[in-house]
Amino acid sequence: MSSTSRARRLQGLVSISYQQALDHLRQFEIKPKRQSQYLDALEEAKTKGTQARPLACPCGREFFGLLQGSERCPFCTAVEALVEWFLERYKDPADGVPYAGREDGYQFTNGGPYDPDDVLLEHFDDESDEVRDEATNRLWAEGGNEWVGVDEY
Ligand SMILES: [Zn+2]
């Protein structure tokens, strides 16, 4: 049975205890602060009488829909937060960096280039390696390992 159909089958049938939620969250490689955000959301759901819904994330992981409107598992939510943070501050050198031809390439006269790997490690050293690595891989896939600050060029 696929994780999607399993989650559908369980949907609306399961309510989970605080301890179960904690055990569940531990399977995701996310930092403790993010775990506590989810637990707060669970508490809120309980107060409102809302049941935590088991859902399937597009990545294949199953998770409880603790956060309002969240369609991603805690791991993907954490990864997306890092990617979003990075894209707000860094851009492709093609956007504004002087280019000196095939031989000499970009002229990083005003800062950079920056590798997402270094930047994320510097700013999110308390995040789990798994989350940081996944965010870095997505950014490498999108724009390689040379980025510049949006305000630099
Ligand atoms: Zn996911």
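First, a word on scope: everything that follows refers to the structure included in this document. (Residues numbered from 1 in each chain as written. Predicted model: local features only at pLDDT ≥ 70, side-chain atom pairs only at ≥ 80, totals over all residues.)

Topic: the packing of helix α4 (residues 74-89) against helix α7 (residues 129-143)
Okay, step 1: Across the interface, α4 lies against α7 with an axial gap of 9 Å and an inter-helix angle of 50°. The orientation of α4 relative to α7 falls into the category oblique. Read as a crossing pair, α4 and α7 show a hand that is right-handed. Residue-level contacts link Phe75, Ala78, Val79, Leu82, Val83 and Phe86 of α4 to Val131, Arg132, Glu134, Ala135, Arg138 and Leu139 of α7.
Okay, step 2: Of the residues assigned to the contact of α4 with α7, the class counts are nine nonpolar, no polar and three charged. (Axes fitted to C-alpha atoms, helices over the stretch in contact; angles between N-to-C directions. Helix = DSSP H or I, 4+ residues; strand = E, 2+ residues; numbered from the N terminus. Parallel < 35°, antiparallel > 145°, perpendicular 65-115°, else oblique. Left-handed = near helix turned anticlockwise from the far one by under 90°. Contact = placed C-beta atoms within 7 Å. Nonpolar A, V, L, I, M, F, W, Y, C, P; charged D, E, K, R; others polar.)

Points about unusual backbone geometry
Okay, step 1: Cis geometry is found at the peptide bond from Gly112 to Pro113, where omega equals 0°.
Okay, step 2: Considering the arrangement of structural elements, one finds Pro113 in the loop between α5 (101-104) and α6 (116-123).

Quick look at the packing of α6 against α7
Okay, step 1: Relative orientation of the contacting elements α6 and α7 amounts to 145°, with a least axis distance of 9 Å. Judged by the sense of rotation from one axis to the other, the crossing of α6 with α7 is right-handed. Each of Pro116, Asp117, Leu120 and Leu121 in α6 lies in contact with α7, whose residues at this interface are Arg132, Ala135, Thr136, Leu139 and Trp140.
Okay, step 2: Across the contact of α6 with α7, the residue classes tally to six nonpolar, one polar and two charged.

Examining the nonpolar core
Soluble globular proteins: nonpolar side chains tend toward being buried together.
Okay, step 1: With 26 residues, the main nonpolar core has Phe75, Ala78, Val79, Leu82, Val131 and Ala135 as its most contacted residues.
Okay, step 2: Contributions of two or more residues to this core are made by α2 (18-26), α3 (32-48), β1 (53-56), β2 (62-65), α4 and α7.
Okay, step 3: The element best represented in this core is α4, accounting for six residues.
Okay, step 4: Both domain 1 (3-72) and domain 2 (76-149) contribute no fewer than three residues apiece to this core. (Core = buried A, V, L, I, M, F, W, Y, C linked by C-beta atoms within 7 Å. Buried ≥ 20, exposed ≤ 12 C-beta atoms within 10 Å, placed from the backbone. Domains from an automatic or database assignment.)

Focus: the environment of Leu42
Okay, step 1: Locating Leu42 in the fold gives a position in helix α3.
Okay, step 2: What makes Leu42 buried here is the crowd of 23 C-beta atoms within 10 Å.
Okay, step 3: In this structure the C-alpha to C-alpha distance between Leu42 and Phe64, which are 22 residues apart in sequence, comes to 9.3 Å.

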